[in-house]
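Remarks on the overall topology
These are the residues of each chain, in order.
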Amino acid sequence: MTTEPTQLRTFYPEIEPYNSGWFTTNDGIHKIYYEESGNPSGKPVIFLHGGPGGGTDPKCRRFFDASVYRIVLMDQRGSGKSQPYASLEENTTWKLVEDIEQLRSLLHIDKWMVFGGSWGSTLSLAYAITHPSRVTELVLRGIFLIRKHELQFFYQAGSSYIFPDAFEDYVSVIPMEERDDLIGAFYKRLTSEDSEERLRAARAWSIWEGRTSKLIEDPNFVKRFAGDEFSLAFARIECHYFVHNAWFPTDNYLIENVDKIRHIPTVIVQGRYDVVCPTLGAWELKRAWPEAQLTIVPDTGHSAYEPKNLHHLIEATDKFRPPGV
């Protein structure tokens, strides 16, 4: 599906925001952090982070050529610098779609490119399906359609066959008699009144994803997932979305509605050995959306920060730079 690059692209240079702040959501419950960097007169792009609950970090700005892109980052409800932290109140897919539109209007942006990986790909697709006239292009990575069999593969049985050592640590916080429904068992603990129980469950859940996100386990990457503050929001919000099937009306909602966005130029980057969001999702999305460009990277896992995934993501954002650049 892809030609091996002779020289790998990597991040654009570090940059700082020229504008940042918070806005209060239309329902009055959350304060959402956002920032802008790059060229204030450039082509608008919004970066939608993973999780849900993962938040953004400064590296997220660096997938884009700052000389030509107006780069918008936002921390979704309960994530990163947004407040209240790790909150589940009115925290749904469709509320996030509303927030993205509210931010677009706040920044006086007519249309923008949308970039998202993992849960960010889910949210990007949901936003584009809801507001197709506001999306110029899509760059997606690690396709996650939040179908029941995808959740079962990663959180119950599937990835466990490849990472049994990490899986053993993941399930260690759940009593044997509750292990036939691990997502439900974790949700019970992640929403417990006992703060220590919440944190134990959050760290186990979060570290499981950190250890399995790259083809070769990266201790420094796992360390971020293991942090108390990060893991609490990441695990609580992820699990909250999963027990509610992301509030999609059907299990295959995103593919069922893909005809609404097939006209949008789209690049999909998918690691062949992604065990968090297996390649089948990207493949089935491509089958329903032949116009999209799918690159299956032969020797990577899930993370956008793996060198070859990063290379193809940078290539994609360069492809969509304004004409003449």
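Computed from a predicted structure; not experimentally measured.

Before going further, it helps to spend a moment on the packing of helix H4 (residues 164–171) against helix H6 (residues 195–212). For the pair H4 and H6, the least separation of the axes is 8 Å and the interaxial angle reads 170°. One finds that H4 runs roughly antiparallel with respect to H6. The two elements H4 and H6 meet at a crossing, and its hand is left-handed. Taken together, the residues of H6 that come into contact with H4 (itself represented by Asp-165, Ala-166, Phe-167, Asp-169 and Tyr-170) are Ala-204, Trp-205, Trp-208 and Arg-211. Partitioned by chemical class, the residues of the contact of H4 with H6 number six nonpolar, no polar and three charged.

Together, Leu-215, Ile-216 and Tyr-273 make up a nonpolar patch on the protein surface, roughly 330 Å² of accessible area in all. Positionally, Leu-215 belongs in the loop between H6 and helix H7 (219–226).

If you walk through the whole model with that rule in mind, you get 32 aromatic pairs. With centroids separated by 5.4 Å and ring planes inclined at 75°, the aromatic side chains of Phe-167 and Trp-208 adopt a geometry described as edge-to-face. Of this pair, Phe-167 sits in helix H4 while Trp-208 sits in helix H6, placing them 41 residues apart in sequence. Judged by centre distance (5.0 Å) and plane angle (25°), the ring pair of Phe-230 and Phe-234 falls under stacked.

Our focus in this paragraph is the sheet that holds strand E3 (residues 43–48). Read across the sheet, eight strands follow the order E1-E2-E4-E3-E5-E6-E7-E8 without closing on themselves; strand pairing throughout is mixed. Of all strands in the sheet, those bounded by a partner on one side alone are strand E1 (19–24) and strand E8 (293–297). On average, each strand axis in the sheet is inclined to that of its neighbour by 20°, with strand direction left out of account. Inspection of the sheet shows strand E2 (residues 31–38) paired to strand E4 (residues 69–74) by five bridges, in the antiparallel sense. Looking across to E4, one finds that Ser-37 is bridged to Ile-71.

Let us now look at helix H2 (residues 119–130). Between the first and last C-alpha of H2 there are 17 Å, a value that for 12 residues agrees with the 16 Å anticipated at 1.5 Å per step. With respect to burial, H2 is a largely interior element, 11 of its 12 residues being buried. Burial in H2 covers these residues: Trp-119, Gly-120, Ser-121, Thr-122, Leu-123, Ser-124, Leu-125, Ala-126, Tyr-127, Ala-128 and Ile-129.

In this fold, Val-45 is placed in strand E3. By relative accessible area, Val-45 is classed as buried at 0%. In this structure Val-45 touches Phe-64, Tyr-69, Arg-70, Ile-71, Val-72, Trp-112, Met-113 and Phe-115, once residues within four positions along its chain are discounted.

Before going further, it helps to examine the pattern of salt bridges. When the charged atoms of two side chains with opposite charge come close together, those side chains can pair. Counting across every chain of the model gives 25 salt bridges. As a salt-bridge pair, Glu-36 and Arg-70 come within 2.6 Å of each other at their nearest N and O atoms. Of this pair, Glu-36 sits in strand E2 while Arg-70 sits in strand E4, and the two are 34 residues apart along the sequence. For the pair formed by Glu-36 and Arg-70, the shared burial category is buried. The residue Asp-165 makes a salt bridge to Arg-211 at a minimum N-O spacing of 4.0 Å.

Between its first and last C-alpha atoms helix H11 (residues 307–319) spans 18 Å; for 13 residues at 1.5 Å apiece the expected length is 18 Å, and the two agree. Among the 13 residues that make up H11, 10 are buried, leaving the element largely enclosed by the rest of the structure. If you follow the buried residues of H11, they end up packed against E4, strand E5 (112–117), strand E6 (135–141), strand E7 (266–271) and E8.

Across the five residues that make up E8, a large majority, four, are buried. Looking at chain direction, E7 and E8 are connected through five bridges and run parallel. Counted as the bridge partner of Val-269 is Thr-295 from E8. Of the crossover connections in this fold, the one passing from E7 over helix H10 (residues 279–288) to the parallel E8 is right-handed.

How each quantity is defined
- Residues numbered from 1 in each chain as written.
- Predicted model: local features only at pLDDT ≥ 70, side-chain atom pairs only at ≥ 80, totals over all residues.
- Heavy atoms only, no water.
- Axes fitted to C-alpha atoms, helices over the stretch in contact; angles between N-to-C directions.
- Helix = DSSP H or I, 4+ residues; strand = E, 2+ residues; numbered from the N terminus.
- Parallel < 35°, antiparallel > 145°, perpendicular 65-115°, else oblique.
- Left-handed = near helix turned anticlockwise from the far one by under 90°.
- Contact = heavy atoms within 4.5 Å.
- Nonpolar A, V, L, I, M, F, W, Y, C, P; charged D, E, K, R; others polar.
- Patch = residues over 30% accessible without salt bridge, like charges linked within 9 Å, V, L, I, M, F, W, Y side chains within 5 Å.
- Areas by Shrake-Rupley, 256 points an atom, 1.4 Å probe, with all protein chains shown as cover.
- Salt bridge = Lys/Arg side-chain N within 4 Å of Asp/Glu carboxyl O.
- Phe/Tyr/Trp six-rings, centres within 6.5 Å; stacked < 30°, edge-to-face > 60°.
- Pairing = 2+ DSSP bridges.
- Expected span 1.5 Å × (residues − 1).
- Buried < 20%, exposed > 50% of the residue type's maximum accessible area, 1.4 Å probe, protein only.
- Right-handed = clockwise from strand over helix to strand, strands pointing away.

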